[in-house]
Amino acid sequence: MPSKPHSKDLSDLFSEVTKLRKNSPLKSLQKYMDADPTIVSLGAGLPHPDTFPFVSIGSTVAEAGVSVTDSSVAAKDISVSSKQPTAKIEGLERFLQYGNGRGVPSYTRFVQEHTERVHSPLYEDWDVVVSAGNTDAFTKAIALFYQSGDTLIVDEWTYPAAIETVRPMGIRLAPVKMDSEGMVPSNLDHLCTTWDSPETAPRLVYMVPTAQNPTGATMSLARRHDIYAVAQKHNLVIIEDDPYYYLQLGSYKPLAEVNDPEDRYKDLPGIKSLAPSLLSIDIDGRVIRLDSFSKVLAPGLRCGWITAPKYITDKIQFHNETSIQQPAGFSQAIVSKLMNETWGHAGWEKHLVQTQRQYAERRDMFVDICQSYLKGKVEFTIPTAGMFLWFRVLLNETASKRKGVMGEIFESMLNSHVLLVPGYMFSPLGQTEEVLDKPYMRAAFSYAAESSFEIAISRLAQALEPFTC
Amino acid sequence: MAPNMTTSTGCAGNTGAVLPPPKDLSDIFVPAMRIHKKSAFKSVMGDPTSTMINMAGGVPHPNTFPILQLQAKVVSPTSRQDKALLPSTANLVLDKSQKNRSTESLDELLQYGAGSGVDSYCDFLKKYTQIVHNPRYADWGVIASCGNTDAIGKAVSLFCEAGDSLLVEKWTFPGALSSLVAAKVQPLAVEMDGEGMDPESLDNICSRWGGPKPLRAMYLVPTGQNPTGATMSLERRQKIYAVACKHNLAIIEDDPYYFLQFAPFSVSRSLENAVNAVGLLGVDSDEQQQVDPLVPSLLSLDTEGRVIRLDSFSKILAPNLRCGWITAPSYILDKLQILNESTILQPSGLAQGLISKLLNDTWGLEGWNQHLRNLRATYTFRRNVFVRMVDLHVAGLVDYVLPSAGMFLWMKINLGPDAAEAMPRLLETMKKCGVMMAPGAPFCSSGSNSSSSDCYLRAAFALVDVAMFEPALKRLAQAIVAIRETADYPSAVQNTHTCTVPNAMQEGLLSPAPGKMTISS
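Reading the values: the criteria
- Residues numbered from 1 in each chain as written.
- Chains lettered and ligands numbered in written order.
- Predicted model: local features only at pLDDT ≥ 70, side-chain atom pairs only at ≥ 80, totals over all residues.
- Heavy atoms only, no water.
- Helix = DSSP H or I, 4+ residues; strand = E, 2+ residues; numbered from the N terminus.
- Rg over C-alpha atoms; globule rule 2.2 N^0.38 Å.
- Contact = heavy atoms within 4.5 Å.
- Areas by Shrake-Rupley, 256 points an atom, 1.4 Å probe, with all protein chains shown as cover.
- Lys, Arg positive; Asp, Glu negative; His and termini not counted.
- Charge placed at Lys NZ, Arg CZ, Asp CG, Glu CD.
- Axes fitted to C-alpha atoms, helices over the stretch in contact; angles between N-to-C directions.
- Parallel < 35°, antiparallel > 145°, perpendicular 65-115°, else oblique.
- Left-handed = near helix turned anticlockwise from the far one by under 90°.
- Nonpolar A, V, L, I, M, F, W, Y, C, P; charged D, E, K, R; others polar.
- Salt bridge = Lys/Arg side-chain N within 4 Å of Asp/Glu carboxyl O.
- Buried < 20%, exposed > 50% of the residue type's maximum accessible area, 1.4 Å probe, protein only.
- pLDDT = per-residue confidence, 0-100.
- Pairing = 2+ DSSP bridges.
- Buried area = accessible area lost by both parts, 1.4 Å probe.

Q: Would you mind showing me how to read the overall build of chain A here?
A: When helices and strands are tallied, chain A shows 16 helices and 17 strands. Relative to the globule expectation of 23 Å for 469 residues, the C-alpha radius of gyration of chain A, 24 Å, shows essentially globular dimensions. Along the first, second and third principal axes, the C-alpha set of chain A runs to 85 × 65 × 45 Å. Across chain A, contacts joining residues at least 24 apart in sequence account for 74% of those joining residues at least 6 apart. Working note: accessible area of chain A is about 17300 Å², and carbon and sulfur atoms make up 51% of it. Distance from the positive charge centre (46 side chains) to the negative charge centre (55 side chains) of chain A: 2 Å.

Take a look at the structure:
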């Protein structure tokens with residue numbers, strides 16, 4: 001097997017602060033102790049694990065691939081106990097003690113193995129580091145390269161927390177127009193080519209290439225290649241924020257055309273047939289990929305991981321060590337136990353297929369209802385992944401000429417007791433007059449009960465009635 | 001409950017009088033924080049009524065969460081008298097969809113939530129903070145943090161931006177110093193004595209400050225300080241608070257060791273037995289802890305709402321829970337909540353839920369207090385043995401102040417006129433003798449210790465087996481003696497596992513001839 005190339009060195013793009021980040025001098029003492037166990041170290045300010053009052057932590061988890069909606073769920077009890085490491089998992093006290101900013105070894109080992117299986121990075125020196133979810137990961141990725149006054153390239157509609165994170169950092173946002181697949185490569189190229197000053201040229205582009213928030217757009221493989229080529233041309237670092245990556249659902253089919261639901265959903269991608277990520281085509285090592293368990297296990301775990309060249313993940317590790325340290329040990333323990341022992345990689349895939357099934361059913365039902373009730377009132381691209389539908393309201397002639405009309409529409413929706421998110425909330429340009437009247441809104445089909453879809457959409461249709469054709 | 005016990009709204013003090021609102025410190029916020037607004041997006045999410053069908057929240061449905069129940073087995077805190085009984089444990093359970101007595105359902109704990117943290121977790125901590133600190137102003141609250149390192153960065157960012165200076169203790173927590181470097185905030189070192197930050201030095205620095213932007217905040221660890229182990233007396237805290245008021249400073253009170261305040265130090269008659277006692281919790285019967293009141297916190301003296309208090313479960317439950325809490329005026333907590341929502345969102349719902357269940361139901365307040373008393377006893381015992389060993393083996397070679405809280409003992413060592421040169425040799429010799437401690441340099445907030453004749457070591461006595469204290473301190477003594485008594489001690493010393501100095505030298509009968517010193521294994 002030919003050896004993989006080394007990543008390109010992008011460290012000259014690091015911010016001043018990132019260049020200064022280094023290993024904690026106190027944590028560096030650890031390597032001397034590891035080398036010589038007869039050394040008595042009174043160096044580390046760690047409490048003794050005998051003072052941790054947790055003897056064990058356990059969970060009842062669904063068997064891999066089982067639907068939790070069934071009245072009786074096949075389940076398994078798992079536990080992690082203090083001073084009882086297994087072949088694969090540390091003892092609980094290890095999950096509860098101070099560590100380093102990279103993560104507890106069994107957790108990071110699993111996500112590393114998984115990343116290799118799914119993405120097979122093309123360069124040799126990649127590594128993983130923990131995050132407390134993708135919002136945390138995003139702030140770490142930005143901090144690697146950015147200082148006040150810099151510009152970050154984003155989609156023309158983007159994740160609100162990202163907008164709110166960068167504003168107080170004094171970072172400006174440069175939006176790039178999208179189409180139904182997401183960011184348009186020629187627009188990105190144009191933005192970078194025509195940037196007026198090389199000194200202030202943006203170095204980083206942020207995108208959510210699968211089931212984009214808010215538009216629900218998913219980039220095809222060809223699109224990903226084109227975007228990547230533009231990034232190479234302008235030496236951009238790409239932040240690939242991919243929390244919906246595993247929620248790839250295949251194509252929509254109207255329920256009326258489905259004879260056999262089991263047959264209908266037999267081709268869900270699982271892990272093996274997922275659309276390739278930007279990481280998987282990243283020959284240079286310019287993609288910083290953000291993965292999260294939030295949408296595929298649960299958001300309250302607050303854990304995920306970041307994949308990038310090791311000289312970059314090291315910097316993120318040091319940043320973790322001066323902020324969050326690591327995700328909660330309990331979360332890492334449950335995830336590690338579940339993934340390494342209970343489900344394994346095969347079980348994890350079964351779970352993902354089951355999750356894809358649940359979202360695909362929701363998507364299909366929701367799109368059916370939208371096509372029925374909202375015909376002529378909105379247009380939208382049917383999503384092939386994720387949880388969002390992005391409506392463009394088809395305003396009638398009088399409405400489209402009226403300033404503040406979208407405000408009226410949202411008022412009307414609230415009065416009709418249906419809640420969607422106004423498009424302006426996703427605008428990197430803030431709430432200018434121009435943005436406020438862009439006729440977009442985002443619906444999520446992930447949370448409301450499926451039985452309420454029809455009521456919700458009929459209320460929406462009613463609310464839109466006076467404003468549409 | 002006594003009628004003058006305050007409610008959790010905190011608006012009635014012990015006298016029953018209504019408490020004043022806090023001073024508004026927003027004029028010392030950095031400009032970016034003044035315009036920092038609550039998320040418009042989250043306002044839309046708000047609190048959907050039952051008639052509102054929520055197609056807005058991009059949140060997963062709980063029937064996609066494969067975690068159906070969470071359990072934990074915990075130690076039941078028992079008092080010394082009950083130690084004769086076998087240690088017992090208790091089980092706690094968090095059910096998926098039902099509320100778990102005081103604590104939310106697991107579905108709710110596993111779902112996205114607000115940046116302030118899980119309600120039942122914060123409710124307990126607010127009640128507990130009321131009991132312990134009894135804040136003297138109205139409109140205060142608590143929010144969840146994922147530990148004090150993160151909390152420090154966020155609290156500092158309210159008052160300091162790039163180019164600003166933050167008043168800090170001369171020796172301080174390296175995590176805080178790294179955070180300041182990253183924020184391009186300059187640490188401004190204030191002198192310390194055996195009790196911690198010196199109020200006169202603080203006052204002088206502030207009075208004479210001529211920098212382009214005003215000083216707005218100070219950061220300190222007033223109890224069991226890291227690294228010096230110093231604990232401020234009540235009087236010292238009052239003086240520091242007065243200086244902060246005089247110069248309109250916010251006070252970031254980082255207090256992770258607060259509950260590890262010791263019983264008074266005494267050398268037990270049966271210390272040797274205590275040293276050989278089996279297990280960590282072998283508290284000598286003569287050290288039976290009295291219910292000594294804790295030194296009041298700065299928060300408890302805070303009449304103006306200047307203190308942003310950082311509490312953590314790291315040293316009182318476990319470090320990697322990554323859970324703590326911040327107490328401050330509510331309008332300040334609102335800003336911190338916004339910061340949470342654009343970074344961590346909130347700490348792990350599993351961790352908050354388990355802690356909430358433990359403190360609210362499984363242990364309750366009584367169990368929690370007993371657990372803290374046990375910790376105090378454990379740390380008191382360790383401190384006692386450690387200090388005894390320091391006195392026996394290193395006395396005369398080092399200066400130290402007796403710590404009354406925490407886990408650190410800070411030693412000052414005179415190694416001759418050129419400490420910068422001697423210190424690395426000391427550390428190397430110590431390693432070869434088989435002992436390590438943290439050198440002072442990483443804790444120095446003024447970048448370099450300008451007093452060139454003083455070397456510092458921080459010893460932590462929380463982790464290592466108590467039986468190893470004596471060997472460790474003997475080895476330290478050997479290393480110090482070796483450095484001191486041989487001016488040109490060869491730097492290339494045979495690396496062995498034990499450092500034994502020839503007996504004649506130990507007995508003071510011989511001083512080694514320079515160049516002829518050998519270390520035998």
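Q: Would you mind showing me how to read the packing of helix H12 (residues 329–373) of chain A against helix H11 (residues 349–362) of chain B here?
A: Think of two packed helices as two axes; the pair is described by the angle between the axes and how far apart they sit. One way to put it is that H12(A) packs onto H11(B) with a least axis distance of 7 Å and a crossing angle of 115°. The angle between H12(A) and H11(B) places the two elements in the roughly perpendicular class. The two elements H12(A) and H11(B) cross, and the hand of that crossing is right-handed. Mapping the contact onto sequence places A:Phe330, A:Ser331 and A:Ile334 in H12(A) and B:Leu350, B:Ala351 and B:Leu354 in H11(B). Residue composition of the contact of H12(A) with H11(B), grouped by class: five nonpolar, one polar and no charged.

Q: For this particular structure, what's the right way to read the pattern of salt bridges?
A: In a structure, side chains of opposite charge can pair up when their charged atoms sit close to one another. One pass over the structure, following the stated rule, counts 47 salt bridges over all chains. The shortest N-O distance in the salt bridge between A:Asp284 and A:Arg286 comes to 3.0 Å. On the basis of relative accessibility, which here comes to 13%, the residue A:Asp284 falls in the buried class. We classify A:Arg286 as buried; its relative accessible area is 2%. The partner of B:Arg425 in a salt bridge is B:Glu421, with the nearest N and O atoms 3.0 Å apart. Taken as a pair, B:Arg425 and B:Glu421 lie in helix H13 (residues 419–433) at a separation of four residues, close to a single helical turn. Members of the salt-bridge network, linked through shared partners, are A:Glu240, A:Asp242, A:Arg289 and A:Asp291.

Q: Would you explain the environment of B:Leu109 in this entry?
A: Residues and elements named next belong to chain B. Following the sequence through the fold, Leu109 ends up in helix H3 (residues 106–110). Looking at Leu109, the relative accessible area reads 3%, which means it is buried. Counting along the chain gives 15 residues from Leu109 to Leu94, while the straight-line C-alpha distance between them is 9.5 Å.

Q: I keep staring at the confidence of the model for chain B and nothing clicks. Help me out?
A: The predicted coordinates ought not to be read in detail in places where the model reports low pLDDT. All names here are of chain B. Residue-level pLDDT values for chain B average 83, and 79% of them are 70 or greater. Every residue in residues 1–14 is under pLDDT 50, and counting partners more than four places away or in other chains gives 23 contacts. Predicted confidence for residues 488–521 stays below pLDDT 50, and this span has 40 contacts to residues more than four positions away or in other chains. Scoring the predicted complex yields pTM 0.91 and, for the interface, ipTM 0.94.

Q: Would you explain the packing of helix H8 (residues 185–193) of chain A against helix H9 (residues 221–233) of chain A in this entry?
A: Residue and element names in this part refer to chain A. Where H8 meets H9, the closest approach of the two axes is 9 Å, and the angle between their N-to-C directions is 10°. The angle between H8 and H9 falls in the class roughly parallel. In this structure, H8 contributes Pro185, Leu188, Asp189 and Thr193 to the contact, and H9 contributes Arg223, Asp226, Ile227, Val230 and Lys233. Across the contact of H8 with H9, the residue classes break down as four nonpolar, one polar and four charged.

Q: How do you make sense of the sheet that holds strand S2 (residues 54–62) of chain A when you look at a structure like this?
A: Two pairing modes exist for strands in a sheet, parallel and antiparallel, and in both the strands are linked by backbone hydrogen bonds. Pairing in this open sheet of four strands is antiparallel, and the strands run S3(A)-S2(A)-S2(B)-S3(B) from one edge to the other. Bordering the open sheet on either side are strand S3 (75–81) of chain A together with strand S3 (89–95) of chain B, each of which pairs with just one other strand. For this sheet the average axis-to-axis angle between neighbouring strands, irrespective of direction, equals 15°. Sheet topology places S2(A) next to strand S2 (residues 67–75) of chain B; seven bridges connect them, and they run antiparallel. The partner of A:Gly58 across the bridge, within S2(B), is B:Gln71. Sitting on the sheet, H11(B) touches S2 of chain A together with S2 and S3 of chain B, and the angle it makes with S3(B) is about 125°.

Q: In this structure, what is going on with the interface of chain B and chain A? I would like to understand it.
A: Listed as interface residues are 97 residues of chain B and, on the opposing side, 107 residues of chain A. Approximately 8500 Å² of surface area, both sides summed, lies buried where chain B meets chain A, with 66% of it carried by carbon and sulfur atoms. In terms of surface lost to chain A, no three residues of chain B exceed B:Met55, B:Asn320 and B:Met436, which account for 10% of the buried area on that side. Our count for the chain B to chain A interface comes out at one salt bridge. In this structure, B:Lys184 and A:Glu16 form a salt bridge, with 3.8 Å as the shortest nitrogen-oxygen distance.

Q: Which parts of the structure should I look at to understand the sheet that holds strand S14 (residues 408–414) of chain B?
A: Residue and element names in this part refer to chain B. In space, the four strands of this open sheet follow the order S13-S14-S17-S16, with antiparallel pairing throughout. Of all the strands in the sheet, just strand S13 (398–400) and strand S16 (438–439) have a single pairing partner and so form its edges. As paired elements, S14 and strand S17 (residues 454–460) share seven bridges and run antiparallel to each other. Across the sheet, residue Leu409 finds its bridge partner in S17, namely Ala459. Together, S14, S16 and S17 form the strand contacts of H13, whose direction differs from that of S17 by roughly 35°.

Q: I tried to follow the pairing of strand S17 (residues 440–444) of chain A on my own but got confused; where do I start?
A: Within a regular strand, the side chains alternate between the two sheet faces. Residue and element names in this part refer to chain A. Summarising burial for S17: five of the five residues are buried, a large majority. Judged from the five bridges that link them, strand S14 (residues 388–393) and S17 form a sheet pairing that is antiparallel. Across the sheet, the residue bridging to Phe391 is Met441, located in S17. Sheet topology note: the strand S16 (residues 421–422)/S17 ladder contains two bridges and is antiparallel. By the bridge assignment for S17, Pro422 is matched with Met441.

Q: Please clarify how unusual backbone geometry should be interpreted in this entry.
A: Note on backbone geometry: most residues besides glycine have negative phi, and most peptide bonds are trans. Of note, the bond from A:Asn213 into A:Pro214 is cis; its omega dihedral lies within 30 degrees of zero at 15°. Relative to the helices and strands, A:Pro214 is located in the loop between strand S9 (204–207) and H9. Cis peptide bonds are those with omega within 30 degrees of zero, and the linkage from B:Asn226 to B:Pro227 qualifies with 10°. As for its position among the elements, B:Pro227 is in the loop between strand S9 (217–220) and helix H8 (234–246). In this structure, A:Lys83 takes a positive phi of about 60° despite not being glycine. Following the sequence through the fold, A:Lys83 ends up in the loop between S3 and helix H4 (92–96).

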